[in-house]
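# Coordinate analysis (summary)
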Amino acid sequence: MIKRTAVDLCPLCGGEKMPGATTFTADLSSGIVVVRNVPATICAQCGADWIEDSIARRLEEIVEEARKKRLQIEVTTLE
């Protein structure tokens, strides 16, 4: 039997957290930014997701670029 640590378990539901990908969205009030295939840790039970700080910084850059472009909709993937 494998003993799970608190780090491996979702703090919301107790499900197992696993590596995966998620979709990030930001509402800029003047438009929407959607970033697909964002690496994240995802709860297998409830679907909650966590994004690492380095990935979050890249997402902030993408949102800022979209804000400067003043687009109503920006859909991209994280590369």
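Residue indices follow the written sequence of each chain, beginning from 1 at its first position. pLDDT decides what is reported in this predicted model: residues at 70 or higher carry local features, side-chain atom pairs at 80 or more are listed and counted, and totals for whole chains, interfaces and linings draw on all residues regardless. Note that water and hydrogens are dropped before the side-chain values are worked out from all heavy atoms of the structure.

## Considering the packing of aromatic side chains
Here a ring pair, both rings aromatic, is described through the centre-centre distance and the interplanar angle of the planes. Stacked, tilted and edge-to-face are the three classes applied to pairs of Phe, Tyr and Trp rings, where Trp contributes its six-membered ring and a pair requires centres within 6.5 Å; stacked means planes under 30 degrees apart, edge-to-face means over 60, and tilted covers the rest. Here the structure, examined in full by the defined rule, presents zero aromatic pairs. In this structure, lysine 17 is placed above the aromatic ring of tryptophan 50, and the distance from its NZ or CZ to the ring centre is 4.9 Å. Lysine NZ or arginine CZ positioned within 6 Å of the ring centre and within 35 degrees of the ring normal marks a charge as sitting over the ring.

## A short note on the confidence of the model for the protein chain
One confidence number per residue, pLDDT, is output by the predictor and ranges from 0 to 100. Averaged over every residue, the pLDDT of the protein chain is 90; the share at 70 or more is 91%. No element of the protein chain has a lower mean pLDDT than strand β4 (residues 73-77), which averages 90, and none a higher one than strand β2 (residues 32-43), which averages 96. Segments assigned H or I by DSSP are reported as helices when at least four residues long, segments assigned E as strands when at least two residues long, and all are numbered from the N terminus.

## Notes on the side chain of glutamate 74
Along the chain, glutamate 74 falls in strand β4. Each residue touching glutamate 74, except ones within four places of it in the same chain, is listed here: Ile32, Val33, Val34, Ala66 and Lys69. We call two residues in contact when some of their heavy atoms are within 4.5 Å.

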